[in-house]
Amino acid sequence: MKITVDMQKCPQNHRCPAMDVCPTGAISQQDIHSLPKVDNTKCVLCEACIGFCPMGALEKS
């Protein structure tokens, strides 16, 4: 299992708010207009980001 970002649901027009709730810093974003990325080597599958993303763009797959 891993966390992925659904490009169709992510507006990509602001800083990803889910970066602030990730306890391991696994979510990063190159700039405010880019799709966030999840480093699944750092991710512990706590799902905090999934519950926090207002657009539902972060998903467990």
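The preceding data block contains the structure.
Everything in this summary refers to the structure shown in the same document. (Residues numbered from 1 in each chain as written. Predicted model: local features only at pLDDT ≥ 70, side-chain atom pairs only at ≥ 80, totals over all residues. Heavy atoms only, no water.)

### As for the side chain of Q29
Argument step 1. Inspection of the secondary structure puts Q29 in the loop between β2 (27-28) and β3 (37-38).
Argument step 2. Separated by 3.2 Å, the side chain of Q29 and the backbone oxygen of H14 make a polar contact.
Argument step 3. At a separation of 2.8 Å, a polar atom in the side chain of Q29 contacts the main-chain carbonyl oxygen of S34.
Argument step 4. Setting aside its immediate chain neighbours within four residues, Q29 contacts H14, R15, C16, M19, S34 and P36. (Helix = DSSP H or I, 4+ residues; strand = E, 2+ residues; numbered from the N terminus. Polar contact = N/O pair within 3.5 Å; in protein donor to acceptor, adjacent residues only side chain to side chain. Contact = heavy atoms within 4.5 Å.)

### Observations concerning the pattern of salt bridges
Argument step 1. Under the counting rule described, the total for this entry stands at three salt bridges.
Argument step 2. In this structure, K60 engages E47 in a salt bridge whose closest nitrogen and oxygen atoms are separated by 2.7 Å. Taken together, the residues span a long stretch of sequence, with K60 in strand β4 (residues 58-60) and E47 in the loop between β3 and α1 (48-52) at a distance of 13 residues.
Argument step 3. Here E47 falls in the partly exposed class, since its relative accessible area comes to 34%. (Salt bridge = Lys/Arg side-chain N within 4 Å of Asp/Glu carboxyl O. Buried < 20%, exposed > 50% of the residue type's maximum accessible area, 1.4 Å probe, protein only.)

### Side note on the environment of V5
Argument step 1. As for its placement among the helices and strands, V5 is situated in strand β1 (residues 3-5).
Argument step 2. When the C-alpha positions of V5 and P17 are compared, they lie 13 Å apart, and in sequence the two are 12 residues distant.
Argument step 3. Excluding its chain neighbours within four sequence positions, the residues that come into contact with V5 are C10, L35, P36, V38, A57 and L58.

### Here we look at the nonpolar core
Argument step 1. Membership of the largest hydrophobic core comes to 15 residues, with the highest contact counts inside it found for I3, A18, I27, V38, C49 and L58.
Argument step 2. In contact with A18, other than residues within four places in its own chain, are I27, C49, F52 and L58. (Core = buried A, V, L, I, M, F, W, Y, C linked by side-chain atoms within 4.5 Å.)

### Some words on empty space enclosed by the protein
Argument step 1. One pass over the structure, following the stated rule, counts two cavities of 30 Å³ or more.
Argument step 2. By volume, the largest cavity is sized at about 110 Å³.
Argument step 3. If you go around the largest cavity, you meet 14 residues; those closest to its centre are C10, H14, C16, P17 and C53.
Argument step 4. Taken together, the residues of the lining of the largest cavity sort by class into 12 nonpolar, two polar and no charged. (1 Å grid on protein atoms, 1.4 Å probe; cavity = no way out; pocket = protein on both sides within 12 Å on 5 of 7 lines; lining within 4 Å. Points joined across faces, edges and corners; volume = space filled by probe spheres on them. Nonpolar A, V, L, I, M, F, W, Y, C, P; charged D, E, K, R; others polar.)

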